Structures are given as C-alpha cells and as structure tokens.
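A look at the structure
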2 protein chains.
Amino acid sequence: MPFDKNRCPNDSHGIESQKILKNANLKMTKKRVLIIDCFKHSNVPLTADDVFNILRENTNINLSTIYRALSALTDSEILTKQTLSDGTYVFQLNGDVHRHILTCKECGKIDYIEFCPIEKTIDDITSKTGFEITGHSLEFTGICPDCKKKLK
Amino acid sequence: MPFDKNRCPNDSHGIESQKILKNANLKMTKKRVLIIDCFKHSNVPLTADDVFNILRENTNINLSTIYRALSALTDSEILTKQTLSDGTYVFQLNGDVHRHILTCKECGKIDYIEFCPIEKTIDDITSKTGFEITGHSLEFTGICPDCKKKLK
DNA sequence: CTAGGTGCAAACGATTTGCAATAAC
DNA sequence: GTTATTGCAAATCGTTTGCACCTAG
C-alpha cells in the first residue's frame, strides 16, 4: 500500500478525529486518533495490516489494538468494512465517497472505483425480498490494463 | 444448509457430471462426480463445508479433497467462487442463473437473489478503467424480514 | 476511582500443503 | 506404468480472545 502517494497535503486532522470519537461515545485515545488519521490521509481503503505498517514506523502499536479499534469504529459506523475476494477485510471512512473494488486475476493488484451502479436498485431489492438493505459490497474481478499488455 | 429442502426430484445427474469433467480435461473420479452432483442438487450456493456435510452421510470423503476439487473446478470455470462478508467462500455452478447474496446483520442468515443489477454497467466500467471485467461479486447486508418483526 | 483501552501471547478456524498410498488413463 | 487424485496430519495466516496492566473521563 503506497502510503506516501496518498498523503493528504494539508493537515490538522487530529482535532477532527477527536470530535469523531466523542460523537460516537468512544474514549479518545492517542492510538485511535492515529488510526483515524491514517484513513483521513489515505484515499484508498486500508486493511488492518496496512494501518499497522503505516503506524509502526513512528509509534509502538500492537496489531490487536488496531483490530479492536477498527471493529469499534465500524460498529459506530465511523468506518465501513468490506471483504475482499481473498477473504481479508478493508476499511474506509464512512460517508466518504464509497469505493468499489477491482481485483486483477493475473497480478492480484487492487484498484478502486468511485462509482456505484447499485444505489438505484436497492429499493427494487427491498420490494422483491422484504430485506431492509443497509449496506452492500461489490467487487469486480478481471484483468488490469498492465496485465492485458503483458498477455499479448 | 437445508439440503433435503433443495433436492432435485428427478435424477441421473451423475452421467452429466462425467461429461463436464471430460470437457475440462479433468480426471473423472467418483468423488468429483459426487461433488458436482451436490451442486446440481442444490439451488443455493454451497461452501466446502456444506458439501462435506452433505457427502459424509453416505461417503468417506476428506475435507481437503473437497477443497482441492472445488479449486480445480473453479479453475476450469465449472464452478464460480464468491467470498461472503465473513471471509468464507461459496461456490455455485457456472452458467447457472447467477445469484447474489443477502446477509442479515441481526441473525447472520444468508439469502440469495437471482437478480443482477450489475451486468448492464460492466461495459461502462471497462471504458472508465481499462480493466477487462470477467466476474463480479455482490453482497448486500441488511435486516431480514424475520428480524425486522422481532425488532419491532 | 472505574470502565474501557492496550500489549502480549496464545487460540481460532477456514483454507492450504507435504507426503505416502491409491486410482484413473 | 505414469500421472493425477486422495487421505491424513500438520502448517498457514488473518483475525480474535484472555488476562494483566494502563489510561481517559
């Protein structure tokens, strides 16, 4: 996960992150603020391990702390959680433009699209099934442009 | 997985399953035929464990045999593989009406819909991203009708 | 002070793998 | 006969959990 490529140039996200935690009635701790900041600095979804690798450079933090924080933040709907086709999870800030996943069958590289073909059809599904739809996860698999070149 | 509820009344699927294997240049073994038959008998996607529980009643079969067979069958595009939101995999016959997943947040129950809001938009995504889309996985989360009643 | 957060090490569970025995072609 | 498949047991790996310690409110 190329973190530096996705840095947010301006900063003072920390203060905002504290508000987010307060609003959710979660204790405001240094570690949680740092974790939320990771997502503010990133323009792609992150795994627990991504967050760990970003933070360990400057902080002592334990992977399980990250898992627990991500779980609490997802419960409070501050983050959303999506399952990738390999069974691992990625998280992103909720309310962000939501992104869907493009996985390359050849190289495994993951790309994201900010485009959702689903939203229009949710009412349709509710009326067909009686399910109240509160979220959705969509992943495409295919062959990325780079691999297409190589295969030729 | 309520297998008996989903049984196909008529039968002689075995012979057809052998053809499928032959066409894919896979060795035709008893176990593989049995595994394919499971899918022919089921009208819902199955996990490796579902298949195991169905077959163990009448057969000696090992879970890893099932995993390896499912993997070979998926590679040969006889089955498709989808990842559920809990990170586990479900398989279904390829070319079947394809089904998308509805998971209830409350009770975890999984339901399937034979309705795909995606197909129309695939060309759109290809032109936007350069990805050649070969598959997709879509899962909805929400609250099932039963749980909605209970919550009231 | 006290509920909740953290670190560490150990547990978990679905899936994968190495290897020797076996079956398909 | 040769190669792929199977069974079994052990390994893998992302994620979760128990427990003692620590920190925010």
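Values in this document were obtained by computation on a predicted structure and should not be read as measured data. (Residues numbered from 1 in each chain as written. Chains lettered and ligands numbered in written order. Predicted model: local features only at pLDDT ≥ 70, side-chain atom pairs only at ≥ 80, totals over all residues. Heavy atoms only, no water.)

Thoughts on the side chain of threonine 47 of chain A
Topologically, threonine 47 of chain A is positioned in the loop between helix H2 (30-41) and helix H3 (48-55). Beyond its immediate sequence surroundings of up to four residues, threonine 47 of chain A is in contact with Tyr89 and Val90 of chain A. (Helix = DSSP H or I, 4+ residues; strand = E, 2+ residues; numbered from the N terminus. Contact = heavy atoms within 4.5 Å.)

Things to note about the protein's contact with DNA strand C
The local shell around DNA strand C holds 17 residues, among which Thr29, Lys31, Arg32 and Thr65 of chain A together with Tyr67 of chain B are the closest. Among atoms of DNA strand C positioned within 4 Å of the protein, sugar and phosphate together represent 69%. Asparagine 60 of chain A is positioned with one of its backbone polar atoms (N or O) 3.2 Å from a phosphate oxygen of DNA strand C. Breaking the surface near DNA strand C down by element, the ones donating at least two residues are H2 and helix H4 (63-75) of chain A together with helix H4 (63-75) of chain B. (Near = heavy atom within 4 Å. Polar contact = N/O pair within 3.5 Å; in protein donor to acceptor, adjacent residues only side chain to side chain.)

Considering the packing of aromatic side chains
Pairs of aromatic rings are described using the distance from one ring centre to the other and the angle between the two planes. Within the structure shown, the criterion is met by zero aromatic pairs over all chains. When the ring centre of tyrosine 89 of chain A is taken as reference, the NZ or CZ atom of lysine 81 of chain A above it lies at 4.1 Å. (Phe/Tyr/Trp six-rings, centres within 6.5 Å; stacked < 30°, edge-to-face > 60°. Lys NZ or Arg CZ within 6 Å of the ring centre and 35° of its normal.)

Here we look at the relation of the copies chain B and chain A
Superposition record for chain B on chain A: RMSD 0.0 Å, screw rotation 180°, translation along axis 0.0 Å. On this basis, the relationship between the two copies can be described by a two-fold rotation axis. Looking at the interface residues of chain B, 100% of them are also at the interface in chain A, so both copies use one shared face. (Least-squares fit on C-alpha atoms with pLDDT ≥ 70 in both.)

Observations concerning the interface of chain B and chain A
Taken together, the contact between chain B and chain A spans 38 residues of the former and 38 residues of the latter. A per-residue breakdown of the area chain B buries against chain A is headed by Phe115, Phe131 and Phe140 of chain B, which together make up 19% of the total. Taken together, the links from chain B to chain A amount to ten residue pairs in polar contact (both at pLDDT 80 or more). Among the elements that take part in the side of chain B that touches chain A, strand E5 (residues 132-143) of chain B stands out by supplying twelve residues, more than any other. Of the residues assigned to the side of chain B that touches chain A, the class counts are 17 nonpolar, 13 polar and eight charged. Note that strand E5 (residues 132-143) of chain A and E5 of chain B share eleven bridges and pair antiparallel. From the neighbouring strand, histidine 136 of chain A faces E5 of chain B, where its bridge partner is phenylalanine 140 of chain B. (Buried area = accessible area lost by both parts, 1.4 Å probe. Nonpolar A, V, L, I, M, F, W, Y, C, P; charged D, E, K, R; others polar. Pairing = 2+ DSSP bridges.)

Some remarks on the domain arrangement of chain A
Residues and elements named next belong to chain A. In terms of domains, chain A is made up of domain 1 (1-83) and domain 2 (97-152). Facing five residues of domain 1, the contacting portion of domain 2 comprises seven residues. Across the domain 1/domain 2 interface, buried area totals approximately 510 Å², and carbon plus sulfur atoms make up 49% of it. The largest contributions to the domain 1 side of the interface with domain 2 come from Pro45, Gln82 and Thr83, which together make up 77% of the buried area. Taken together, domain 1 and domain 2 are joined by zero salt bridges. The interface formed by domain 1 and domain 2 includes two residue pairs in polar contact (both at pLDDT 80 or more). When the residues that make up the side of domain 1 that touches domain 2 are grouped by side-chain class, the tally is two nonpolar, three polar and no charged. (Domains from an automatic or database assignment. Salt bridge = Lys/Arg side-chain N within 4 Å of Asp/Glu carboxyl O.)

What to know about the UniProt feature "binding site: Fe cation" (unreviewed entry) in chain A
All names here are of chain A. UniProt's feature table lists "binding site: Fe cation" (unreviewed entry) at Glu119 and His136, given in the numbering used throughout. In sequence the annotated residues extend across 18 residues, while in space they remain close, none of their C-alpha pairs exceeding 9.2 Å. Looking at the element boundaries, glutamate 119 is found in the loop between strand E4 (110-113) and helix H5 (122-129). Owing to a relative accessible area of 48%, glutamate 119 belongs among the partly exposed residues under this scheme. (UniProt positions renumbered as here; feature names shortened; annotations may be inferred. Buried < 20%, exposed > 50% of the residue type's maximum accessible area, 1.4 Å probe, protein only.)

Some words on the UniProt feature "binding site: Zn(2+)" (unreviewed entry) in chain A
UniProt's feature table lists "binding site: Zn(2+)" (unreviewed entry) at Cys104, Cys107, Cys144 and Cys147 of chain A, given in the numbering used throughout. For the residues just named, distributed over 44 residues, the greatest C-alpha separation is only 8.2 Å, placing them together at one site. Mapped onto the fold, cysteine 104 of chain A is located in strand E3 (residues 100-104). By relative accessible area, which is 2% here, cysteine 104 of chain A ends up buried. For cysteine 104 of chain A, the contacting residues outside a window of four places in its chain are Lys109, Gly142, Ile143, Cys144 and Cys147 of chain A together with Phe131 of chain B. By secondary structure assignment, the location of cysteine 144 of chain A is in the loop between E5 and helix H6 (145-151). Note on cysteine 144 of chain A: relative accessible area 1%, which makes it buried. Once residues within four sequence positions are removed from consideration, cysteine 144 of chain A is found in contact with Cys104, Cys107 and Lys109 of chain A together with Phe131 of chain B.

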